[in-house]
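# Structural features, examined
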Amino acid sequence: MPNGSLRDNRSDNRSERAAVSANQMKGYTDRHLFRAIAAVTALLIYAVAVEAQSLIPSTSSANLHQWGSVTLFHGLPSDHVRVIAQDTEGFLWLGTDGGLSKYDGRRIHKIVAEGLPGGRVRAIKLDSEGVLWIGTDSGATRLVGGEFKPITETEGKTITAILTSDPGRALLASEQGSIFSYSRQADGSLGVRTIKPEDHALLQIDQATRSPLPLTCLAMMGNTPLVGTHSRGLLAVEGDEVREILSRPRAFFVEAIATDARGRPWFGAQTTDGDSGLYQSADLIRPQKVAMNTGTVTALAFDPQGNLWAGTEGQGAFMYADAHKLEHFTFENTAGGLRSNHIYAVFVDREGVVWFGTDRGACRYDPRSLRIETVSVHPESNFTRVLFQSRDGWIWCGTNRGLFVRSAKAGEWHEIEELQGKTVHSIAEDAPEHLLVGTASGLYTGIKPTTKQRRARGISGPLPGDRLFSRLAPADEPGATGDSVRAICEFQGSFYIASFGRGLERLEHDRHVLVWPGQSAVSLHSDNGKRLWIGTAGDGVFVFDGKEVRREAALDSLSGKTAWSIGGSSDGTLWLATPDGLHAYRSGQLLMLLEGNDVRRVIARANAAWCVTAGGGLYKILIDDSGGPLIARLGAEQGLPSQNAFAILSTTEASGDEVLWIGTNRGVARYIPGRIAPQLRFARVMSKRLFQPEEIHAGLNLDYPQSGLLLDLEAFSSRTFPEQFQYSFSLYDSQGKPLGYKLARDSQFLIENL
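Residues numbered from 1 in each chain as written. Predicted model: local features only at pLDDT ≥ 70, side-chain atom pairs only at ≥ 80, totals over all residues. Heavy atoms only, no water.

## So, the overall build of the protein
On a plain count of helices and strands, the protein comes out with 2 helices and 67 strands. Looking at the 754 residues of the protein, the share that counts as buried comes to 55%. Counting contacts in the protein only where the partners sit at least 6 residues apart, residues at least 24 apart contribute 48% of the total. Accessible area of the protein: about 31,500 Å², with a carbon and sulfur share of 47%. (Helix = DSSP H or I, 4+ residues; strand = E, 2+ residues; numbered from the N terminus. Buried < 20%, exposed > 50% of the residue type's maximum accessible area, 1.4 Å probe, protein only. Contact = heavy atoms within 4.5 Å. Areas by Shrake-Rupley, 256 points an atom, 1.4 Å probe, with all protein chains shown as cover.)

## Concerning the pairing of strand β7 (residues 99–103)
With 4 of 5 residues buried, β7 is to be regarded as a mostly interior element. Pairing analysis gives 5 bridges linking strand β6 (residues 92–96) to β7, with the strands arranged antiparallel. Residue pairing in the sheet places L94 in a bridge with S101 of β7. Alignment of β7 against strand β8 (residues 108–110), held across 3 bridges, turns out to be antiparallel. The partner of Y103 across the bridge, within β8, is I108. From the end of β7 to the start of β8, which pair antiparallel, there are 4 residues, and G105 there has a positive phi angle of about 90 degrees. (Pairing = 2+ DSSP bridges.)

## Thoughts on the sheet that holds strand β27 (residues 297–302)
Strand order in this open sheet of 4 strands is β27-β28-β29-β30, and the pairing throughout is antiparallel. In the strand order of this sheet, the two ends are held by β27 and β30 (324–329), each with one partner. Neighbour-to-neighbour, the strand axes of the sheet open up by a mean angle of 20 degrees, direction not taken into account. When strand β28 (residues 308–312) meets strand β29 (residues 317–321), the two strands line up antiparallel, connected through 4 bridges. The residue of β29 that forms the bridge with G311 is A317. (Axes fitted to C-alpha atoms, helices over the stretch in contact; angles between N-to-C directions.)

## Some details on the pairing of strand β49 (residues 541–544)
Side chains V541 and V543 of β49 all project onto a buried face; the interleaved residues F542 and F544 project onto the opposite face, where all are buried too. Bridge count for strand β48 (residues 532–536) against β49 is 4 bridges, and the pairing is antiparallel. Bridge pairing links I534 to F542 in β49. Between the antiparallel neighbours β48 and β49 lie 4 residues, among them G538 with a positive phi of about 95 degrees. With 3 bridges connecting them, β49 and strand β50 (residues 549–551) associate as antiparallel partners. Paired with F542 across the bridge in β50 is R551.

## Side note on the pattern of salt bridges
Inspection of every chain in the model, using the stated rule, returns 34 salt bridges. In this structure, the salt-bridge partner of E175 is R122, at a minimum N-O distance of 3.6 Å. With E175 in the loop between β14 (169–174) and β15 (179–184) and R122 in strand β9 (residues 121–126), this residue pair connects regions lying 53 residues apart in the sequence. Here E175 falls in the partly exposed class, since its relative accessible area comes to 33%. (Salt bridge = Lys/Arg side-chain N within 4 Å of Asp/Glu carboxyl O.)

## Some remarks on the confidence of the model for the protein
Scored by pLDDT, the protein has a mean of 85; 89% of the residues are at 70 or more. Across residues 1–61, where pLDDT falls below 50, the model places 241 contacts with residues more than four positions away in sequence or in other chains. (pLDDT = per-residue confidence, 0-100.)

## Some points on unusual backbone geometry
In most cases, non-glycine residues show a negative phi, while peptide bonds are predominantly trans. The amide bond that connects R248 to the next residue, P249, takes the cis arrangement and shows omega of 0 degrees. Relative to the helices and strands, P249 resides in the loop between β22 (241–244) and β23 (254–259). Residue S231 is not a glycine yet carries a positive backbone phi of 100 degrees. Following the sequence through the fold, S231 ends up in the loop between β20 (224–229) and β21 (234–238). At A291, a residue that is not glycine, the phi angle is positive and equals roughly 60 degrees. As for its placement among the helices and strands, A291 is situated in the loop between β26 (288–289) and β27. Residue classification places A291 among the partly exposed residues on the basis of a relative accessible area of 31%.

If you want it as structure tokens, here you go:
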């Protein structure tokens with residue numbers, strides 16, 4: 001890594017595609033038109049620029065791998081970060097006591113430019129037209145088309161807050177009590193109305209001395225701008241008039257305001273350490289304090305899920321769902337992940353990553369990255385074999401020493417007494433609230449208890465996933481199996497069991513009917529009821545059509561191998577997890593992927609799959625038809641509790657986000673892959689000369705003759721470290737004929753011999 005670049009000690013695993021077309025780059029060589037199409041495939045393995053630090057175990061539920069920081073060490077002009085914003089290209093802008101900086105995911109760029117006022121940067125806001133408004137101790141400026149354009153009316157004023165509610169309009173507040181209202185005129189210029197403290201008594205602390213009232217923050221409630229102040233609480237701006245909001249209770253020193261999706265204002269104020277400085281109010285006259293012991297609240301921001309993030313003066317950061325506290329992060333309980341408890345700013349970026357501006361640099365927290373959970377205090381009970389979600393939403397975990405169920409509300413795991421100490425290999429649901437559990441000693445069923453049974457067990461209220469479990473058939477009954485039930489699958493209206501000792505069995509009420517004897521079946525998969533695929537221990541894969549079991553000729557190469565797991569995707573691909581790698585069977589061909597890895601479980605997607613391995617952690621594989629498989633990995637060094645993973649489950653949250661549950665030999669990890677593609681931009685384009693950015697955006701006309709062209713791209717994601725990206729380039733001529741292809745971590749593509 002080059003000197004001065006930023007170190008990382010974590011990553012996450014998501015596979016997204018982001019493409020940029022360079023088909024406007026026109027070049028004529030021997031009267032042939034070539035189109036260069038560059039595509040970057042971001043195998044998003046979450047990462048950030050972080051300061052090197054030891055991985056000290058955290059007492060928080062959050063994983064330390066979720067945290068990172070950008071500091072003076074990385075190139076910030078000051079560790080006091082007052083404000084954070086993001087532009088349309090994904091760049092992060094950091095306002096510090098030492099000036100303005102831009103972070104591109106790789107390095108910090110200190111901005112020194114004509115038109116940028118000096119002093120501390122106190123406010124940054126991106127408007128709907130992509131213009132960046134910047135407020136400093138010496139006035140405000142706008143960044144338009146790469147050029148800083150000073151706002152002359154604010155010269156010499158400390159701009160503390162900026163509000164951009166409508167296109168072409170902005171409201172600025174200053175520490176000297178002035179409010180500036182800007183709107184775009186018909187000729188494109190900015191018109192301004194200024195509300196000055198000398199003209200409005202409410203903008204003065206003392207009318208006798210006409211001392212200006214410090215204004216601290218701005219927010220919009222409906223069509224009315226709200227202004228936070230020091231010593232006069234909240235003000236409302238209505239045209240050229242200012243109105244004082246006389247609320248009870250009343251916070252006189254307001255530090256931050258934010259409005260939620262329902263239009264309700266929340267504000268943070270100064271108070272004592274033992275009190276709450278957070279208020280919420282649908283009615284500004286009667287605000288309500290939220291929670292206790294927050295101390296002074298200095299910054300507020302909402303994330304895409306509607307959760308409120310609150311930064312404080314000395315007690316770290318809080319996260320609330322409505323008025324209910326969900327998380328509290330401090331320097332102490334994050335082992336320094338949050339670098340300071342003194343927070344100036346909170347910002348949630350386009351990917352849902354939360355950034356904190358502190359007096360010790362900018363910290364970032366990824367709430368969707370890995371979170372580790374243990375299902376039991378006993379180590380062997382955390383060795384996870386299978387994960388399953390029942391129709392009522394409960395998450396079930398089968399381990400080497402029993403069955404556990406997770407309370408979604410409390411986030412706690414509870415042990416099922418009847419299966420205590422048993423090795424659980426498989427779980428299915430054959431009817432609402434009726435579970436089938438395959439263990440090393442036979443098949444068990446679990447049903448909801450009757451009222452009488454609940455009373456007999458001393459159950460007065462609902463328990464997580466409450467079931468009564470019993471052995472389906474005693475081992476000494478005819479047709480019963482005492483062998484290991486490895487898989488359970490519904491096929492053509494019946495449930496089938498893969499038994500390690502007996503083969504394939506069909507479940508008929510309380511009887512097991514042997515369908516296919518003599519093989520140690522370990523996995524099952526039904527492709528929409530047409531065929532039942534059977535994976536065996538050491539004898540490859542077979543297929544059952546409802547009448548007979550036979551081999552699939554195209555899979556003969558798997559003969560003598562174990563198929564731990566089988567999955568099918570919507571595009572017709574069959575995915576097979578084996579001890580020597582992951583196989584994909586599609587269009588009559590068997591592809592080898594992840595060669596040399598002991599793949600244990602697979603869940604399939606269209607043209608892609610997630611799989612877990614014994615020794616390698618979690619992988620995502622995307623099949624690129626033009627160039628082969630794209631592979632991303634998440635292991636212990638990125639936050640998994642262990643490299644040895646044996647189970648995987650995909651669920652969906654109310655927000656629509658996918659959640660991956662990864663079962664390892666040391667507990668369960670919960671991870672939310674990202675859904676937002678990374679930003680992609682040209683860093684450099686060169687032929688006979690280096691082209692400027694504005695030329696690239698407009699489209700290139702290449703002089704004749706041209707012998708070659710160099711493309712250099714950059715992908716940016718706050719959840720992905722640059723070194724984890726893979727770039728896929730394809731070159732076609734004007735008739736669509738492929739001329740070249742490259743897949744590499746190198747972001748450069750050299751087109752030669754045009």
